Amino acid sequence: MVTISLCMIVKNEEEVLARCLDSVRSLVDEIVIVDTGSTDRTREIAARYTDRLYSFPWNDDFAAARNFSLSKATMEYCMWLDADDVLFPCDQIAFRALKSRLTSDTDVVMLKYHTGFDEDGSPTFSYYRERILKNSPDYRFTGAVHEVVPPVGAVLYSDVAVSHKKLRPSDPDRNLRIFEQELAKGHLLDPRQRYYYARELLFHGRYSEAAHSFLAFLEEGLGWLENNIEACSLLAQCYRALGDSAAELRALLRSLEYDRPRAELCCDLGAYFLDRDRLPEAVFWYETALSCEYDIRRGGFVQPDCYGYLPHIQLCVCYDRLGDRARAIEHNEAAGAEKPHSPAYLYNRDYFAALPCSQ
């Protein structure tokens, strides 16, 4: 069986570190923790789990800190986690099975990353990350923020999931600050970093700058396919905030230049037309969303609700407005089959039950 070093960078994580380590300590063969300047009990908690505890002066460079942690690993493979990540019991079982069959000819293992959850705890936002890496200088992080290890060599995709369960928000300005520091130093951002810089501008309400950055990213033509498609959706958000409806629609439709429709973009288009009471067009795009293949292994950000629940609940609204109660109820029940505790489904169910039978 292969051996795995867990490599983590931490700072002021006393609330969540034990939860993370308890979920994974029996799965790995070594724990390496690099503290980047904690002022709480993080180091004390880490010391309960490992004597491989190091310090690294924080320099606003996540890749540098993560690579330092990897350099301290002594096992065949390195696995990285954040302190507010956790492996739930079902994923711990699956991880043991994965580890038992993993062979040394695998270079990178991609695990699911669940970062959004509904009221029942089901994932609403997921994507794959390069989570287990062969312990080699060939596999190192790049990027001061939104750091990544380009997955090369023999890559294995697994259904094991890491779940990101924050207890409190992180510094909302940190990523943008780091990007702008890099730019002020004259450092050039690679295409992936330019995409994420535009995202940060959008999230900070700097819509005109974000739109300009997304357009520059797309026009350059060097971006990864999934980032290009997602950039179209985010560019549309910029134009919507700026009140430019025509540009919003153009941005959404531009996504079709790159590949077949993604359910997420179809739902965006459905919402665009539903907001304008253009119901046949909205129905078309929501029904197209239902026909899209759910494929998290494409590597992009995936919203599972867009492949079932969301288009069904929105088609219920569309058909109700079109006067087709039977189809509206059919789609509401389909939404309820996926999310039986959804407030929207329950509201709609009661709404239809209260209508006179002749309507």
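Quick note: structure is the one above.
Residues numbered from 1 in each chain as written. Predicted model: local features only at pLDDT ≥ 70, side-chain atom pairs only at ≥ 80, totals over all residues. Heavy atoms only, no water.

(A) Summary view of the overall build of the protein chain. Within the protein chain one finds 14 helices and 8 strands. In terms of C-alpha radius of gyration, the protein chain reaches 23 Å, essentially the compact-globule figure of 21 Å for 359 residues. On the principal axes, the C-alpha backbone points of the protein chain span a range of 75 × 45 × 40 Å. Classification of the 359 residues of the protein chain by burial places 50% in the buried group. In the protein chain, of all internal contacts separated by at least 6 residues, the share reaching a separation of at least 24 is 66%. Carbon and sulfur atoms form 52% of the exposed surface of the protein chain, whose accessible area is close to 16,400 Å². If you average the places of the 41 positive and of the 56 negative side-chain charges in the protein chain, the two averages end up 3 Å apart. (Helix = DSSP H or I, 4+ residues; strand = E, 2+ residues; numbered from the N terminus. Rg over C-alpha atoms; globule rule 2.2 N^0.38 Å. Buried < 20%, exposed > 50% of the residue type's maximum accessible area, 1.4 Å probe, protein only. Contact = heavy atoms within 4.5 Å. Areas by Shrake-Rupley, 256 points an atom, 1.4 Å probe, with all protein chains shown as cover. Lys, Arg positive; Asp, Glu negative; His and termini not counted. Charge placed at Lys NZ, Arg CZ, Asp CG, Glu CD.)

(B) Region of the structure containing the pairing of strand E8 (residues 155-164). The sheet contact formed by strand E5 (residues 85-86) and E8 spans 2 bridges and is antiparallel. From the neighbouring strand, Asp85 faces E8, where its bridge partner is His164. Summarising the sheet, strand E6 (residues 108-117) and E8 pair through 6 bridges and their orientation is parallel. Bridging across to E8, His114 finds its partner in Ser163. (Pairing = 2+ DSSP bridges.)

(C) Seen up close, the layout of surface pockets. Taken as a whole, the second largest pocket spans an internal volume of roughly 300 Å³. For the second largest pocket, the lining is made up of 18 residues, of which Phe125, Glu230, Ser233, Glu264 and Gln303 are closest to its centre. Counting only elements with at least two residues in the lining of the second largest pocket, the list comes to helix H6 (191-203), helix H8 (225-242) and helix H10 (263-275). With 6 residues, H8 is the largest single contributor of residues to the lining of the second largest pocket. (1 Å grid on protein atoms, 1.4 Å probe; cavity = no way out; pocket = protein on both sides within 12 Å on 5 of 7 lines; lining within 4 Å. Points joined across faces, edges and corners; volume = space filled by probe spheres on them.)

(D) Quick look at helix H9 (residues 245-254). All of the buried residues along H9 are Ala247, Glu248, Leu249, Ala251, Leu252 and Arg254. Elements that come into contact with the buried residues of H9 comprise helix H7 (207-220), H8 and H10.

(E) Structural detail: the sheet that holds strand E1 (residues 4-10). In spatial order, the strands read E3-E2-E1-E4-E7-E6-E8-E5; together these 8 strands make up an open sheet with mixed pairing. Of all strands in the sheet, those with a lone pairing partner are strand E3 (53-55) and E5, marking the two edges. In terms of strand pairing, E1 meets strand E4 (residues 77-80) through 4 bridges, oriented parallel. Note that in E4 the partner of Ser5 across the bridge is Cys78. Contacts from helix H3 (residues 62-71) reach E1, strand E2 (30-35), E3, E4 and strand E7 (123-134) within the one sheet, and its direction differs from that of E1 by about 145°. (Axes fitted to C-alpha atoms, helices over the stretch in contact; angles between N-to-C directions.)

(F) Quick look at the pattern of salt bridges. What the rule picks out here adds up to 34 salt bridges. Measuring nitrogen to oxygen at the nearest pair gives 3.6 Å for the salt bridge that ties Glu248 to Arg276. One end of the pair, Glu248, is in helix H9; the other, Arg276, is in the loop between H10 and helix H11 (279-291), with 28 residues separating them in the sequence. Arg276 gets classed as partly exposed once you look at its relative accessible area, which sits at 33%. Put simply, Asp277 and Arg321 hold a salt bridge, and the shortest N to O gap is 3.8 Å. Of this pair, Asp277 sits in the loop between H10 and H11 while Arg321 sits in helix H12 (residues 309-321), and the two are 44 residues apart along the sequence. Within this structure, Glu226, Asp259, Arg260, Arg262, Glu293 and Arg298 form a network of salt bridges that share partners. (Salt bridge = Lys/Arg side-chain N within 4 Å of Asp/Glu carboxyl O.)

(G) Inspection of the packing of H6 against H8 at higher detail. The contact between H6 and H8 brings their axes to 11 Å, and the two run at 20°. As far as their axial angle goes, H8 and H6 are roughly parallel. Two packed elements cross with a definite hand, and for H6 against H8 that hand is left-handed. Side by side, H6 and H8 meet where Arg192, Tyr195, Arg199 and Leu202 of the first sit next to Asn227, Glu230, Ala231, Leu234, Gln237 and Cys238 of the second. Residue composition of the contact of H6 with H8, by class: 5 nonpolar, 2 polar and 3 charged. (Parallel < 35°, antiparallel > 145°, perpendicular 65-115°, else oblique. Left-handed = near helix turned anticlockwise from the far one by under 90°. Nonpolar A, V, L, I, M, F, W, Y, C, P; charged D, E, K, R; others polar.)

(H) Spatial organisation of the nonpolar core. Within the largest apolar cluster, 107 residues are counted, with the highest numbers of intra-cluster contacts made by Leu6, Met8, Met79, Leu81, Phe95, Leu111 and Phe214. When neighbours within four sequence positions are excluded, Met79 is seen to be in contact with Ile4, Ser5, Leu6, Cys7, Leu87, Phe95, Leu111, Arg131 and Ile132. (Core = buried A, V, L, I, M, F, W, Y, C linked by side-chain atoms within 4.5 Å.)

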